[in-house]
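Examining the three-dimensional arrangement
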Amino acid sequence: MEANPCTLTLEDGTHYDLTQLASSKADYVAQVGDTTYSLNVCRSVVGELYKLDDPDQVGGFFRQADGDFSLGKVNTNLTLSPMTNEPMIIMTGGSSCPGNPEQTASTAIRFICSPSDFNAGKPILVASLPPQDPCQFYFEWNTHLACPTNPKRELETSHYYIAFGAILAIIFLTWFGGVTLYNRLHLKRRGLSQFPLPSFHFPSISLPSRNSGEQSGPSWGSWRRRSNRSGGYDRVRAEEHDEEQEGFAARFSLEERVD
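What counts and what doesn't
- Residues numbered from 1 in each chain as written.
- Predicted model: local features only at pLDDT ≥ 70, side-chain atom pairs only at ≥ 80, totals over all residues.
- Heavy atoms only, no water.
- Helix = DSSP H or I, 4+ residues; strand = E, 2+ residues; numbered from the N terminus.
- Buried < 20%, exposed > 50% of the residue type's maximum accessible area, 1.4 Å probe, protein only.
- Contact = heavy atoms within 4.5 Å.
- Areas by Shrake-Rupley, 256 points an atom, 1.4 Å probe, with all protein chains shown as cover.
- pLDDT = per-residue confidence, 0-100.
- Pairing = 2+ DSSP bridges.
- Axes fitted to C-alpha atoms, helices over the stretch in contact; angles between N-to-C directions.
- Salt bridge = Lys/Arg side-chain N within 4 Å of Asp/Glu carboxyl O.
- Phe/Tyr/Trp six-rings, centres within 6.5 Å; stacked < 30°, edge-to-face > 60°.

Here we come to the overall build of the chain. Tallying secondary structure elements over the chain gives two helices and eleven strands in all. Ordering the α and β elements of the chain from the N terminus gives β-β-β-β-β-β-β-β-β-β-β-α-α. In the chain, which comprises 259 residues, the proportion classed as buried is 27%. Contacts in the chain between residues far apart in sequence, at least 24 positions, make up 42% of those at least 6 positions apart. Carbon together with sulfur atoms contributes 55% to the accessible area of the chain, which is approximately 18800 Å² in total.

Structural data, given as structure tokens:
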């Protein structure tokens, strides 16, 4: 474990860091009924204290009519919860207990990893003992800052990726060099053809011409149809002319007979 304030590092590399929870602007508040509990993390509270000795050592307090009650002194050493394996801060040496002046108040804060809580979060009082005139306090604090990191494990994982990439690079260079030597020495290739480079062949596409579907002159079929039409019309006119001549000849013969 490291001796850095407000941090905890386990033997397997798991690391906890709660230094960002130390607030120099305002204390964290847990409201329970009419009682307001003010806490800070790894530093003394910033709120104004009333009738308390050593205010620079007070890590939490709540206000009473006859003076503030200290929840415990500042503690920058993190410990691991024996039940849940989560970081904890235990503050001792607070105000004298009302029921037993020989004992002093103590407070335990358990920090719970909550990735969905993007803010610093706030403490929640879960128990205070004894029920009458309590002197021992237990808080829970959900925050993403309590989530552990493991630089040692991340470094080992990155080493695996680096080794795998190096093996792939060696395999590729060996294949590339072997094929190049074979093409150069055995097949007598030179230039770019000696390297095993991919070749791309794109299919050629020929587009039809605009005038391919058009005809340069009239077709024989259409000419024949027109000629047939004109020939038929001429035959009709010839037949009409013959009929006129026959009628004229008959009328002429009748006139001669009358005379």
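A few words on the confidence of the model for the chain. A low pLDDT score tells you not to read the predicted coordinates there in detail. Considering every residue of the chain, the mean pLDDT works out to 80; 71% of them sit at 70 or more. Note that pLDDT drops below 50 for residues 222-230; the model gives that stretch one contact with residues more than four away or on any other chain. Considering only residues more than four positions removed or in separate chains, one finds that residues 252-259, a stretch of pLDDT under 50, has zero contacts.

Here we come to the sheet that holds strand S10 (residues 123-129). Strand order across the open sheet formed by five strands is S7-S8-S9-S11-S10, with mixed pairing between neighbours. Both outer strands of the open sheet, strand S7 (79-80) and S10, are each paired with one neighbouring strand and no more. Bridging between S10 and strand S11 (residues 136-143) involves six bridges; their strand directions are antiparallel. Note on S11: the bridge partner recorded for Pro-123 is Trp-141.

Here the focus is the sheet that holds strand S5 (residues 58-64). Taken in spatial order, the four strands of this open sheet run S3-S4-S5-S6, and their pairing is antiparallel. If you trace the sheet from one side to the other, it starts and ends with strand S3 (28-32) and strand S6 (67-73), each paired once. With direction set aside, neighbouring strand axes in the sheet form an average angle of 20°. Of the pairings in the sheet, the one linking S3 to strand S4 (residues 35-39) comprises five bridges and is antiparallel in character.

What follows is about the pairing of S6. The element S6 is extensively covered by neighbouring structure, given that six of its seven residues are classed as buried. With antiparallel pairing between neighbouring strands as the criterion, S5 and S6 make up a hairpin whose turn holds two residues.

According to the stated counting rule, one finds three salt bridges in the structure shown. Linking Arg-63 and Asp-68 is a salt bridge whose minimum nitrogen-to-oxygen distance equals 2.7 Å. Judged by relative accessible area, which is 48%, Arg-63 ranks as partly exposed. Arg-110 serves as the salt-bridge partner of Glu-140, at 2.4 Å between the closest nitrogen and oxygen.

As a further point, take the packing of aromatic side chains. According to the stated counting rule, one finds nine aromatic pairs in the structure shown. Ring geometry for Phe-62 versus Phe-69: centroids 5.0 Å apart, planes at 35°, classification tilted. One exposure class covers both Phe-62 and Phe-69, and it is buried. Ring centres of Phe-62 and Phe-137 lie 6.0 Å apart, and the angle between their planes is 65°; on these two criteria the pair is classed as edge-to-face. Taken as a pair, Phe-62 in strand S5 and Phe-137 in strand S11 lie far apart in primary sequence, 75 residues in all. Here Phe-62 and Phe-137 have matching classes, each one buried.

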